[in-house]
Amino acid sequence: MLVSRFPFSLFSFLYSNLTMDNKTNTDASSVHSTPLPCGGARGRVRIIVLTGAGMSAESGISTFRDSGGLWEQYKVEDVATPEGWARDPELVTEFYNLRRQQMLDAQPCLGHKLLAELERFHDVQIITQNVDDLHERAGSTNVIHLHGELMKVTSSEAPNAPSQIITLTPDKADVQYGDEAPDGSPLRPYIVWFGEEVPNIEVAAELCMQADVLVVIGTSLNVYPAAGLTRCVPHGTPIWLIDPKPVQWNSSSTFRHLQMGASQGVAQFMKELLEE
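All figures in this text were calculated on a predicted structure; none of them were measured in a lab.

Draft legend 1. Summary view of the pairing of strand E6 (residues 187-191). E6 sits mainly inside the fold: five of its five residues count as buried. In the sheet, strand E4 (residues 148-155) pairs with E6 via four bridges, with the strands oriented antiparallel. When the sheet's bridge partners are listed, Ser155 is paired in E6 with Leu187.

Draft legend 2. How the structure looks around empty space enclosed by the protein. Counting across every chain of the model gives two cavities of 30 Å³ or more. Approximately 40 Å³ is the volume attributed to the largest cavity. Lining the largest cavity are Thr93, Asn97, Arg100, Val153, Val175, Leu187, Arg188 and Pro189. Listing elements by their share of the lining of the largest cavity, those giving two or more residues are helix H5 (89-105) and E6. For the lining of the largest cavity, a count of residues per class yields four nonpolar, two polar and two charged. Estimates place the volume of the second largest cavity at around 30 Å³. What lines the second largest cavity is Val216, Gly218, Thr219, Leu221, Leu241, Ile242, Asp243 and Val247.

Draft legend 3. Summary view of the environment of Leu146. Of note, Leu146 is situated in the loop between strand E3 (143-145) and E4. Among the residues examined, Leu146 registers a relative accessible area of 2% and is labelled buried. Along the backbone, Leu146 and Pro199 are 53 residues apart, and their C-alpha atoms lie at a distance of 7.3 Å.

Draft legend 4. Main features of the pattern of salt bridges. Counted by the stated rule, this structure contains seven salt bridges. The salt bridge involving Arg137 is made with Asp133; its shortest N-O contact spans 3.0 Å. Residue classification places Arg137 among the partly exposed positions, given a relative accessible area of 33%. The class for Asp133 is buried, based on a relative accessible area of 19%. Close ionic contact of Glu149 with Lys152 constitutes a salt bridge, the shortest N to O distance being 3.1 Å.

Draft legend 5. Just helix H9 (residues 262-275), in detail. Here H9 spans 20 Å end to end across 14 residues, near enough to the 20 Å set by a 1.5 Å rise per residue. Burial of H9 is extensive: 12 of the 14 residues sit out of reach of the surface. Ala262, Ser263, Gly265, Val266, Ala267, Gln268, Phe269, Met270, Lys271, Glu272, Leu273 and Leu274 are the residues of H9 that are buried.

Draft legend 6. Region of the structure containing the packing of helix H6 (residues 110-118) against H9. Two numbers describe how H6 lies on H9: the axes approach to 7 Å, and their chain directions differ by 30 degrees. Here H6 lies roughly parallel to H9, going by the angle between them. Relative to H9, H6 is oriented so that their crossing is left-handed. Across the interface between the two elements, Leu110, Gly111, Leu114, Leu115 and Leu118 of H6 pack against Ser263, Val266, Ala267, Phe269, Met270 and Leu273 of H9.

Draft legend 7. Region of interest: the sheet that holds E3. Read from one edge of the open sheet, six strands run E3-E2-E1-E7-E8-E9, paired in parallel fashion. At either end of the open sheet lies a strand with only one pairing partner, and these are E3 and strand E9 (255-258). Between one strand axis and the next, the sheet turns by 15 degrees as a mean value, whatever way the strands run. Bridge count for strand E1 (residues 46-51) against strand E2 (residues 123-128) is six bridges, and the pairing is parallel. Paired with Leu50 across the strands is Ile127, a residue of E2.

Draft legend 8. Geometry of the sheet that holds strand E5 (residues 166-167). The strand order E5-E4-E6 describes an open sheet built from three strands, whose pairing is antiparallel. Strands with a single pairing partner mark the edges of an open sheet, and in this sheet they are E5 and E6. Pairing of E4 with E5 involves two bridges; the strand directions are antiparallel. Residue pairing across strands places Lys152 opposite Thr167, the latter belonging to E5.

Draft legend 9. How the structure looks around the packing of aromatic side chains. On inspection of all chains with the given rule, the structure shows six aromatic pairs. Seen from their ring centres, Tyr96 and Trp193 are 6.4 Å apart, and the 45 degrees between their planes marks the pair as tilted. With Tyr96 in helix H5 and Trp193 in the loop between E6 and helix H8 (201-208), this residue pair connects regions lying 97 residues apart in the sequence. A single burial state applies to Tyr96 and to Trp193, both of which are buried. Judged by centre distance (5.0 Å) and plane angle (75 degrees), the rings of Trp240 and Phe269 are edge-to-face. Here Phe269 lies in helix H9 and Trp240 lies in strand E8 (residues 239-242), a separation of 29 residues in the sequence. Put simply, the rings of Tyr74, Trp85, Phe95, Tyr96, Tyr177 and Trp193 touch in pairs and so form one group of aromatic residues. Directly above the aromatic system of Trp193 lies the positively charged group of Arg188, at a separation of 3.8 Å from the ring centroid.

Rules behind the numbers
Residues numbered from 1 in each chain as written. Predicted model: local features only at pLDDT ≥ 70, side-chain atom pairs only at ≥ 80, totals over all residues. Heavy atoms only, no water. Buried < 20%, exposed > 50% of the residue type's maximum accessible area, 1.4 Å probe, protein only. Helix = DSSP H or I, 4+ residues; strand = E, 2+ residues; numbered from the N terminus. Pairing = 2+ DSSP bridges. 1 Å grid on protein atoms, 1.4 Å probe; cavity = no way out; pocket = protein on both sides within 12 Å on 5 of 7 lines; lining within 4 Å. Points joined across faces, edges and corners; volume = space filled by probe spheres on them. Nonpolar A, V, L, I, M, F, W, Y, C, P; charged D, E, K, R; others polar. Salt bridge = Lys/Arg side-chain N within 4 Å of Asp/Glu carboxyl O. Expected span 1.5 Å × (residues − 1). Axes fitted to C-alpha atoms, helices over the stretch in contact; angles between N-to-C directions. Parallel < 35°, antiparallel > 145°, perpendicular 65-115°, else oblique. Left-handed = near helix turned anticlockwise from the far one by under 90°. Contact = heavy atoms within 4.5 Å. Phe/Tyr/Trp six-rings, centres within 6.5 Å; stacked < 30°, edge-to-face > 60°. Lys NZ or Arg CZ within 6 Å of the ring centre and 35° of its normal.

Any link to function would need more than the numbers given here.
Take a look at the structure:
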């Protein structure tokens, strides 16, 4: 058994309140039976978790693909590209002020909290495509952000220089265009925009190479280079996909698809860890 003991409240949730519908699994062609690995020292295994927009959606944070959300009021090319920043930095600054406020009004969902709880029993590393801080607020301590962080701003001249990155606080989360970075350039969001390099992708790839288990939550696996991380795990590594929608994934790797939302899927994954 991989996990020897959970707190009673979590144990009760997993065994008493977890409800399944007819969409628990996909058809047999996309569900392969692969045993979870036995842990090494103290029964711990290294679990790499790759999360996307579907993880934060349960907390009410919409993405540019959703209708009716904040993104619907703006064109992606105007607020999420270097060219948009060059054309109208004031518009971009205000847009991310609004996104930051939306994030601060949201709370971590149960899936976020369960992943944080899992750290008590296994070595969990989260690699997220999301720019919110919901994983951290839920209690996760090992989080890498591929696409930047909303609560940080940086130099418009050297955005990836550590000395230029400033962390905002909830009580001072708004930025005015013209506020300066340490190098004197206008502050811009610490966000990886379309067309920019992903500075943490190599670190993320190295972590995936050390995975005992890979869990992919709430991402279509269509956004590169992040989608390529699934190909970095060692051959034969169990891969779990948690997403309520059918996932088109062109891979020969063994994987299991839990066709359900993030919270329910994480709970089911943890339940099966208990049963190993």
